[in-house]
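Chain and residue survey
These are the residues of each chain, in order.
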Amino acid sequence: MAFRMTEMVGCEFPLFAFSHCRDVVAAASRAGGFGVLGAVSYTPEQLEHELNWIDDNIDGKPYGVDVLIPEIQAVDHSVSADEIIANIPSQYRDFTRELLRECGIADDVGSPQGGSQAPNTSLGQELLEVSFNHPVRLIANALGTAPPAMIEAGKRHNIPVAALVGAKEHAIKQVDAGVDIIVAQGGEGGGHCGDVSTIVLVPEVIRALEDSGADIPVLAAGGIMTGKQMVGMMAMGAAGAWCGSVWLASPEAETSEVFRDKMIAAGSRDTIRSKHRTGKFSRQLKSEWHERWDAAGLPALPMPLMSLLAEPVLRALDSAAVAGNPKAQALSSYWVGQGLGLVQDSRGVGTIVQDFKSDFAVGFEVSQTPWVNPLALVV
């Protein structure tokens, strides 16, 4: 199955490196893995710039692009960001302004960013069109069922379409929609995730696909930080691993040094599934950001209102944290999975890929060792 996956996308080793950072994507692919750029934060013009850079720095290795085309949002996709921002309740604006004031940060620094265009979560199709002008080998949809336009475009350009799922019933919906690859992401994963653990979800999805007669590969995601874990997932039938959090402490990542230090020091219990960033549940590093929202008793706004409110504030806090502001450091957070407890230092992306390969080889060799009945050892 692993060979089938690598043949589909042209990589050497079926380790898929999801990242919002072009440097991580290029480095992972150059090392033999498969980098996937998370494009939701970009405008079409920005994505064009990022993909041009990747093309120039990836040594001809394959890579993919992940967009976000959610099935359900709280607003009409045709309205502008300014019009959407106007719907953010005043008490939410007041709350974030107070957080910034407490850190000595000017209100306007963290104000919602508007504009005449729709927010990026409504630009998925435009981002896809930009991607197809580059030698991408995979496109993926991060939220909800892949829309018909994405499936059709993938077939037209002969590029496989992947979709992330957090439940077996979602996997069946994706198959019915026509996707080529399923990424089964357990609740341990960073970013948007469900609440079923990876070790349960992966075999459950594989069995559901087999029962439905579907013959498509499944990538395991969620909490996978080592090659031995990857072997375990593939022993259950996965065709490879899709990883995001393992790259976040690397020097190439988009994360700040403050976050990297917090991540390395943190344990697997130091994350939280919260809606107080995007409006949908996503796993993040637990910080005072989440504690303050809970204490205020303000439920998360729906997507994309929550993102438009929270992201500028969090960026302002990150900048202040890097400058040495202790109050901002306490509030600082980012998406990361429970596997962060297995990250003990900051390693380059290429080193991480090579460590995965070495660890995978050891784990595979152990898995091939003839099984010994422990009762036979009892005297």
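Observations concerning the overall build of the protein chain
- Counting its secondary structure elements, the protein chain contains 15 helices and 11 strands.
- Residue pairs at least 24 apart in sequence account for 69% of intrachain contacts in the protein chain once pairs closer than 6 positions are excluded.

A few points about empty space enclosed by the protein
- In the structure shown here, the tally under the stated rule is one cavity of 30 Å³ or more.
- Reported here for the largest cavity is a volume of approximately 40 Å³.
- Residue lining of the largest cavity: Val-246, Ala-249, Ser-250, Val-343, Asp-345, Arg-347 and Ile-352, and that is the complete set.
- Residues belonging to the lining of the largest cavity are distributed by class as follows: four nonpolar, one polar and two charged.

A few points about helix H9 (residues 198-212)
- Here H9 is 15 residues long and its end C-alpha atoms lie 21 Å apart, about the 21 Å a rise of 1.5 Å per residue gives.
- Among the residues making up H9, those that are buried are Thr-198, Leu-201, Val-202, Val-205, Ile-206, Ala-208 and Leu-209. Along the axis of H9, the buried positions cluster into a sector of 165 degrees, meaning they face one direction only. Away from its buried face by more than 90 degrees, H9 exposes Ile-199, Arg-207, Glu-210 and Asp-211.
- Those residues of H9 that are buried lie in contact with strand S5 (161-165), helix H8 (168-177), strand S6 (181-185), strand S8 (218-221) and helix H10 (227-235).
- Once H9 ends, the next one or two residues include Gly-213, with phi positive near 85 degrees.

Quick look at the packing of aromatic side chains
- Applying the stated criterion across every chain, the model contains nine aromatic pairs.
- Relative to Trp-293, the ring of Trp-289 lies with its centre 5.7 Å away and its plane at 70 degrees, an arrangement referred to as edge-to-face. Here the residue Trp-289 and the residue Trp-293 both occupy positions in helix H12 (residues 288-296), the gap between them amounting to four residues, near one helical turn. Comparing Trp-289 with Trp-293, the two get one shared label, buried.
- Taken together, the aromatic side chains of Phe-16, Phe-18, Phe-34 and Trp-242 make up a single cluster linked through ring pairs.
- Its end group placed over the ring of Phe-281, Arg-273 keeps NZ or CZ at 4.5 Å from the ring centre.
- A cation sits over an aromatic face here: Arg-277 above Trp-335, 4.2 Å from the ring centre.

Concerning the confidence of the model for the protein chain
- With 90% of its residues at a pLDDT of 70 or more, the protein chain has an overall mean of 90.
- The model gives residues 114-119 a pLDDT under 50, and that stretch makes 20 contacts with residues more than four places away or in other chains.
- Contacts from residues 374-379, a stretch scored under 50 in pLDDT, to residues over four places away or in other chains number one contact.

Considerations on the nonpolar core
- In terms of nonpolar packing, the biggest core is built from 76 residues, with Leu-15, Ile-182, Val-205, Trp-247 and Phe-356 touching the most fellow members.
- Leave out the neighbours within four places in its chain, and Phe-356 touches Phe-13, Leu-15, Ile-224, Met-225, Thr-226, Gly-227, Met-230, Cys-243 and Val-246.
- Among the nonpolar cores identified, the runner-up in size contains 27 residues, and Phe-95, Leu-298, Leu-301 and Ala-316 belong to it.

Side note on H12
- For H12, the set of buried residues is Trp-289, His-290 and Trp-293. Down the axis of H12, the buried set is contained in an arc of 95 degrees. They therefore lie on one face.
- Of the surrounding elements, those touching the buried residues of H12 are helix H5 (90-102), strand S10 (271-274), strand S11 (282-285), helix H13 (305-322) and helix H14 (326-331).
- Between a side-chain oxygen at the N-terminus of H12 and the backbone nitrogen of Trp-289 the separation is 3.1 Å; the capping residue is Ser-287.
- Taken from the residues just after H12, Gly-297 is the one with a positive phi, measuring 70 degrees.

Thoughts on the packing of helix H2 (residues 22-30) against helix H3 (residues 44-57)
- Orientation of H2 relative to H3, taken along the N-to-C sense of each, is 30 degrees, at an axis distance of 10 Å. In terms of orientation, H2 lies roughly parallel with respect to H3. Relative to H3, H2 is oriented so that their crossing is right-handed. Only His-49, Glu-50, Trp-53, Ile-54 and Asn-57 of H3 make contact with H2, whose side of the interface consists of Arg-22, Asp-23, Val-25, Ala-26 and Arg-30.
- For the contact of H2 with H3, the class distribution of residues is four nonpolar, two polar and four charged.

About the criteria used
Residues numbered from 1 in each chain as written. Predicted model: local features only at pLDDT ≥ 70, side-chain atom pairs only at ≥ 80, totals over all residues. Heavy atoms only, no water. Helix = DSSP H or I, 4+ residues; strand = E, 2+ residues; numbered from the N terminus. Contact = heavy atoms within 4.5 Å. 1 Å grid on protein atoms, 1.4 Å probe; cavity = no way out; pocket = protein on both sides within 12 Å on 5 of 7 lines; lining within 4 Å. Points joined across faces, edges and corners; volume = space filled by probe spheres on them. Nonpolar A, V, L, I, M, F, W, Y, C, P; charged D, E, K, R; others polar. Expected span 1.5 Å × (residues − 1). Buried < 20%, exposed > 50% of the residue type's maximum accessible area, 1.4 Å probe, protein only. Arc of directions from axis to C-beta. Phe/Tyr/Trp six-rings, centres within 6.5 Å; stacked < 30°, edge-to-face > 60°. Lys NZ or Arg CZ within 6 Å of the ring centre and 35° of its normal. pLDDT = per-residue confidence, 0-100. Core = buried A, V, L, I, M, F, W, Y, C linked by side-chain atoms within 4.5 Å. Polar contact = N/O pair within 3.5 Å; in protein donor to acceptor, adjacent residues only side chain to side chain. Axes fitted to C-alpha atoms, helices over the stretch in contact; angles between N-to-C directions. Parallel < 35°, antiparallel > 145°, perpendicular 65-115°, else oblique. Left-handed = near helix turned anticlockwise from the far one by under 90°.

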